[in-house]
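# Survey of secondary and tertiary structure
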Amino acid sequence: MSETLTKTFVAKVRNLDEESLMILKDFCDLSAKVEHALFQDLYVKKKNINDLKRNYQIKFGINARHFNSIADKLKGKAKNWRENQVNKIKLYTKKIKSSKNKILKLKKKESNIKKSRERKKVKFSLHHLKRSHVTKTKRLERFEKELKEGIPRICFGGKKLFKSQHFLKENGFENFDHWKKEFTFKRSNQLYFLGSTDRTLGNGNCHYIASSIKRDTLKITLPSALLRKYKKDLKKEKYFHLKKVFFNDDNEIKKKKKGECTFSEIIENYLTTGPKGPAGPLTYRLILENEKTVKIAASLRIPKPEKITLKDYGAIGVDLNKGFVSIGIIDRFGNPLYSYDIGMNTHGKKENQRQEIIRNCVQKICKKAFEQKIPIIIEDLDFSTKKANAKQYHKSYNRMISSFPYKKFKSCLEHEATKFGIQIITVNPAFTSVIGFGKFSHGYGLTPHQGAAVAIARRGLNFSENLSSRTARSLPGDFVSSLKKSSRDGDRHVWAFWRTFASDIPKLKNIFFGRIGPPFEKPFKEQGRP
């Protein structure tokens, strides 16, 4: 596992003047032209990148560091495509296996049916299953062939925007020329400057000037092709200065209280220790959002902070649900201290809105863990099998698992926790909801989801999962005898009892809650017993 993490600082320059906008546009167009040509030579024609480097410098009028930056950006896109392709192959392999089993079951069912009407229905279902199976098999073969060929299927400018040309009015475009202008702009609206440890301030082509006089200026090295176009002296005027660049250091007082470094302090650190110091290479990405605004993102690798959490203090269990997250906090003996819910409804939201909602939720969880110095326990979920067998489930359930933001939530939580030195522990999700309902919902007055969060926290600290004697007294006699058998018989795992328990949960709700009704019928909100 890497001992560093990526930290990114963001700045926006608004109301660009005409000269700056013209230079940035021409630079972006040149960079996109080089990237598209390099993709053709590198992945389609299979040429050696070392042979291309010198030719591209002469042909396009760029320096070696410009070429390295564009090549690194292109390799990142190709790597992302390969990872997506491998995931598609895994998904369709599971889908094909599932459809094979369905076909075999229907064939067996068809042979046992005597009535002609029922047999026709089964034949109809079998026919469409076979068609679906053939379609999936062909798709899998196509994915495997594309991966073997090694030519990434990349749409520069975005596949979604490209397909919107077929539905202009529905996507807010007046005509085809309006769409073409937008698509051409999206294809060439970025600049990428790869960081390096052997250059001043961690980058050879882009510097943030940290002096007291020009502290808000980004100094960019222009390629010789643009210098010739603007007829500038190669020795005197080979830099472009982008002014009024203020990185997100507005909360400098808050950051100093947390112990975080501001971007200005990192630049000063470069001047004293150099790029080979703890800061390392500094990579810049410039994105033209429109004709008046440019976004600048500066990324660097910093050492991971030491772990500050201890299992001896307890743990936080996190149970991810549709529309909210349940939190359960336990002490070092495994006793529930308090629990509450945090709203996280991402259904029907845009991508940036979903990210912001998830980030706010994660920050609240990490803040609580940082204050109490305790690790965070989450479930290791995998929905790939369920997605492959989506036709077996109801459409509302399929909609839920498709919009379930588990991967984004987990990656955001791991990144945020790493910044604060908080340990993340993943556990098997088996029977956590059932255990939470059976052990904690009744005795502690928690919702089943909050009870599941407590069960997750206890599992992360390796506590017992046997049913408590207090809850066992509320159960019928056959459940009590089953409990004794599961706890005393060495050949049976305790989950064997919870499997039996889970099958009769609807009956047990009345035994546990009576006329009052279970607590999960109440609307969730942030509440607890601190």
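Residues numbered from 1 in each chain as written. Predicted model: local features only at pLDDT ≥ 70, side-chain atom pairs only at ≥ 80, totals over all residues. Heavy atoms only, no water.

### Some remarks on the overall build of the protein chain
The condition that has to hold: The numbering of helices and of strands both runs from the N terminus, where a helix is a DSSP run of H or I of at least 4 residues and a strand a run of E of at least 2. Accessible area is worked out with a 1.4 Å probe on protein chains only. A residue is then buried under 20% of its type maximum, exposed over 50%, and partly exposed in between. Accessibility throughout is a Shrake-Rupley quantity obtained with a 1.4 Å probe, and a residue counts as covered only by protein chains that appear here.
Looking only at helices and strands, one finds 19 helices and twelve strands in the protein chain. Within the protein chain, the proportion of its 530 residues that are buried is 43%. In the structure as shown, the protein chain presents an accessible area of about 31,100 Å², 51% of it carried by carbon and sulfur atoms.

### Thoughts on unusual backbone geometry
Phi at Lys244 is positive, roughly 60 degrees, even though this residue is not glycine. Structurally, Lys244 can be placed in the loop between strand 5 (239-242) and helix 8 (252-258). You can call Lys244 exposed: its relative accessible area is 59%. Phi at Asn462 is positive, roughly 60 degrees, even though this residue is not glycine. For Asn462, the position within the fold is in the loop between helix 15 (448-460) and helix 16 (469-472). Classification of Asn462 by relative accessible area gives exposed; the value is 69%.

### Observations regarding the packing of aromatic side chains
Condition: Pairing of aromatic rings covers Phe, Tyr and Trp, the last counted by its six-membered ring, and requires centre-to-centre distances within 6.5 Å; plane angles under 30 degrees mean stacked, over 60 mean edge-to-face, and any other angle means tilted. In this scheme, Lys NZ or Arg CZ marks a charge over a ring once it lies within 6 Å of the ring centre and within 35 degrees of the ring normal.
Evaluation of the coordinates by the stated rule reveals 14 aromatic pairs. Relative to Phe60, the ring of Tyr56 has its centre 5.1 Å away and its plane inclined at 45 degrees; by these criteria the two rings are tilted. Highlighted residues: Tyr56 and Phe60, both in helix 2 (residues 49-60), separated by four residues, approximately one helical turn. Using a relative accessible area of 3% as the deciding quantity, one classes Tyr56 as buried. An angle of 35 degrees between the planes, with centres 5.3 Å apart, marks the rings of Phe176 and Trp179 as tilted. Of the two residues, Phe176 and Trp179 both sit in helix 6 (residues 176-187), three residues apart, roughly one turn of that helix. The exposure class assigned to Trp179 is buried, which follows from its relative accessible area of 4%. The structure contains a cluster of three or more aromatic residues connected by ring pairs, namely Phe162, Phe176, Trp179 and Phe183. Directly above the ring of Tyr92 sits Lys95, whose terminal nitrogen or CZ lies 4.9 Å from the centroid.

### What to know about the sheet that holds strand 2 (residues 190-193)
In plain terms, the rule: Paired strands, as defined in this entry, are two strands with at least two bridges between them according to DSSP. Note on method: axes are straight lines fitted to C-alpha atoms, helices fitted across the in-contact stretch only, with angles between N-to-C directions ranging 0 to 180 degrees. Here a residue-residue contact requires only that any non-hydrogen atoms of the pair lie within 4.5 Å.
The strand order 1-7-6-2 describes an open sheet built from four strands, whose pairing is antiparallel. Edge positions in the sheet fall to strand 1 (4-13) and strand 2, since each has one partner strand and no second. Mean inter-strand twist for the sheet, computed between neighbouring axes without regard to direction, equals 15 degrees. Two elements, strand 6 (residues 282-288) and strand 7 (residues 294-303), share seven bridges in a ladder whose sense is antiparallel. Within the sheet, the bridge partner assigned to Thr283 lies in strand 7 and is Ser299. Set on the sheet, helix 3 (residues 64-112) makes contact with strand 2 and strand 6; between it and strand 2 the angle comes to about 110 degrees.

### Here we look at the environment of Leu129
Tracing the chain through its elements places Leu129 in helix 4 (residues 116-149). The buried category is assigned to Leu129, whose relative accessible area is 15%. Residues Leu129 and Lys100, 29 residues apart in the sequence, show an inter-C-alpha distance of 8.9 Å.

### Details of the sheet that holds strand 3 (residues 206-209)
Pairing is antiparallel in the open sheet, where three strands are placed in the order 3-4-5. The sheet is open, and its two edges are formed by strand 3 and strand 5, each paired on a single side. Direction aside, neighbouring strands of the sheet carry axes that sit 25 degrees apart on average. Two elements, strand 3 and strand 4 (residues 217-221), share four bridges in a ladder whose sense is antiparallel. Across the sheet, residue Tyr208 finds its bridge partner in strand 4, namely Leu218. Packing against the sheet, helix 1 (residues 18-44) makes contact with strand 4 and strand 5, and its axis sits at approximately 125 degrees to strand 5.

### Observations concerning the state of the cysteines
When the sulfur atoms of two cysteines share a covalent bond, that bond is a disulfide. Counted only if it meets this: Only a pair of cysteine sulfur atoms within 2.5 Å qualifies as a disulfide here.
Taken as a whole and assessed by the stated rule, the structure comprises zero disulfides. Note on Cys361: no disulfide assigned, nearest cysteine sulfur contributed by Cys412 at a separation of 9.0 Å. The class of Cys361 is buried, set by a relative accessible area of 2%.

### Points about the packing of helix 1 against helix 3
Here is the rule: To sort the angles, those under 35 degrees are grouped as roughly parallel, those over 145 as roughly antiparallel, those from 65 to 115 as roughly perpendicular, and the leftovers as oblique. Crossings are assigned a handedness: left-handed for a near helix turned anticlockwise from the far helix by less than a right angle, right-handed for a clockwise turn. By the convention adopted, Pro, Cys, Tyr, Trp, Phe, Met, Ile, Leu, Val and Ala count as nonpolar, Lys, Arg, Asp and Glu as charged, and the other residues, Gly among them, as polar.
For the pair helix 1 and helix 3, the least separation of the axes is 10 Å and the interaxial angle reads 60 degrees. As the angle between them shows, helix 1 and helix 3 are arranged oblique. Helix 1 and helix 3 meet at a crossing whose hand is right-handed. Of the residues in helix 3, those touching helix 1 at Phe27, Ser31, Val34, Glu35, Leu38, Phe39 and Tyr43 are His66, Phe67, Ile70, Ala71, Lys73, Leu74, Lys75, Lys77 and Ala78. The residue makeup of the contact of helix 1 with helix 3, split by class, is ten nonpolar, two polar and four charged.

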